Amino acid sequence: MTSVDHIWHGCRLATLSPSRQGLGLVDDGVIAAAAGRIVYAGPASDAPSSLDAKQITDCDGRWITPGLIDCHTHLVYGGNRAREFEQRLAGASYEEIARAGGGIVSTVKATRQATTEELVSAALPRLDALIAEGVTTIEIKSGYGLELATERRQLQAARQLGSERPVSISTSFLGAHTVPPEMNGRSSDYIDLICNTMLPQIAAEGLADAVDAFCEGIAFSVDETARLFAKAQALGLPVRLHADQLSNLHGAALAARFGALSADHLEYADDDGMAAMARAGTVAVVLPGAFYFIREKQLPPIDAMRRHGVSIALATDSNPGSSPLTSLLLAMNMGATLFRLTVDECIAAVTREAARALGLSAETGSLEPGKYCDLAIWNIEQPAELVYRMGFNPLHARVWHGTLLA
């Protein structure tokens, strides 16, 4: 007999296994887990007959997907920007608000004043909302400190969230989010500060799993971003990029040149950028919450992504200014209705492809032996319900690293 910790049977599976077509659907499925990892996931008819479990759960025909992954968030910050929401309703653009001292800089002020404990306390309700919808892995960026002490506190708070809740946290250092107010007009000097002081310290303390940047006219140029990415690579850290959101600075091609895990937003990215990303294996992370919230008009080039075979992930971009969204289920619906992603694309985008965007494909994102047993168990009749419905949460149970959580 092969002893395992838990067996789930009587379930329908969306395995997301690349070895199966589409979502990798299995009608009469079984999942077995030991030591927090999947031992078997597939048809009951093919399951090893020698399995012996300490705990057995009959799923009564429910669907199981991999635990959801929110691969782009700014979850840790101080304050809020409800006033800017009112300004945008009155006609002000995101760029106008930013140039007038609002936007990211206004959140920087509130975040610099917050302690680590206050940042954790403020972020927990946002994290809990995502967990309640089946999220088992979440990426959290810094970027609201713009100086070493506060950037460290943000990343420390993000790590602490992983000890407060049963969820996997991936962190990104986004010191190059915008130029701090005390260095206004000196973006190149600020990049020097990041490269020479901030990033080496962050890397030495192991606080970041990746380095991110905002390459845009209101933030950092291609050359400045390239200097930062070269430093990150020298320190052994992978890179990600906020690219081509408000204009085409060829950020997609820049991300590809550095073998970035992902390039995110991409509304203004061109065909050459998509081709470069495909060659580099860089994932496109689309963020319909921000597109909706700041009323953008330019759609990301989804058809070009498909044509070139670029992997597409999708995330909430949860942040105080341009996407105060804490529902990955709603983000999927937005991805379908606004960007015309298919149901299969949306579900893959918050599981298998989101794991790829974080460099975690070997650990999570699909139901395959050897990966963490991270599951979302749903009260649905068909997977399309996860994308089709709004304001409805059909989660029955969540499993993180093999532990069943009601």
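Residues numbered from 1 in each chain as written. Predicted model: local features only at pLDDT ≥ 70, side-chain atom pairs only at ≥ 80, totals over all residues. Heavy atoms only, no water.

If you check an unreviewed UniProt entry, the protein chain appears there as Imidazolonepropionase from Bradyrhizobium canariense. UniProt, in its Pathway (unreviewed entry) section for the protein chain, records the words "Amino-acid degradation; L-histidine degradation into L-glutamate; N-formimidoyl-L-glutamate from L-histidine: step 3/3." If you open the UniProt record of the protein chain and go to Catalytic activity (unreviewed entry), you find "4-imidazolone-5-propanoate + H2O = N-formimidoyl-L-glutamate". (UniProt positions renumbered as here; feature names shortened; annotations may be inferred.)

**A closer look at the pattern of salt bridges**
Within the structure shown, the criterion is met by 22 salt bridges. A salt bridge links Arg307 to Asp271; the nearest nitrogen and oxygen atoms lie 2.2 Å apart. Linking Arg307 in helix α11 (residues 302-308) with Asp271 in helix α9 (residues 271-280), this pair joins segments that are 36 residues apart in sequence. Looking at Arg307, the relative accessible area reads 55%, which means it is exposed. Its salt-bridge partner being Asp303, residue Arg306 comes within 3.2 Å of it at the nearest N-O pair. A residue pair is termed a helical-turn pair when its members lie 3 or 4 positions apart in one helix, as Arg306 and Asp303 do in helix α11 at three residues. (Salt bridge = Lys/Arg side-chain N within 4 Å of Asp/Glu carboxyl O. Helix = DSSP H or I, 4+ residues; strand = E, 2+ residues; numbered from the N terminus. Buried < 20%, exposed > 50% of the residue type's maximum accessible area, 1.4 Å probe, protein only.)

**Details of the packing of helix α5 (residues 148-164) against helix α6 (residues 187-204)**
Across the interface, α5 lies against α6 with an axial gap of 10 Å and an inter-helix angle of 30°. Here α5 is positioned roughly parallel relative to α6, judged by the angle of their axes. Crossing of α5 against α6: the hand is right-handed. Across the interface between the two elements, Leu148, Glu151, Arg152 and Leu155 from α5 touch Met198, Gln201 and Ile202 from α6. In the contact of α5 with α6, the residues fall into four nonpolar, one polar and two charged. (Axes fitted to C-alpha atoms, helices over the stretch in contact; angles between N-to-C directions. Parallel < 35°, antiparallel > 145°, perpendicular 65-115°, else oblique. Left-handed = near helix turned anticlockwise from the far one by under 90°. Contact = heavy atoms within 4.5 Å. Nonpolar A, V, L, I, M, F, W, Y, C, P; charged D, E, K, R; others polar.)

**Observations regarding the UniProt feature "binding site: Zn(2+)" (unreviewed entry) in the protein chain**
Summarizing the sequence annotation, UniProt attributes the feature "binding site: Zn(2+)" (unreviewed entry) to His72, His74, His242 and Asp317 in the numbering used throughout. For the residues just named, distributed over 246 residues, the greatest C-alpha separation is only 12.3 Å, placing them together at one site. Counting through the fold element by element, His74 comes out in the loop between β6 (68-70) and α1 (82-89). Exposure remark for His74: the relative accessible area of 3% places this residue in the buried category. With sequence-adjacent residues up to four places away left out, His74 is seen in contact with Lys141, Ser142, Tyr144, Leu174, His177, His242, Asp317, Ser318 and Asn319. Within the element layout of this structure, Asp317 appears in the loop between β13 (312-314) and α12 (328-339). Here Asp317 is in contact with His72, Thr73, His74, His265, Leu287, Ala290, Ser322 and Ser323, once residues within four sequence places are set aside.

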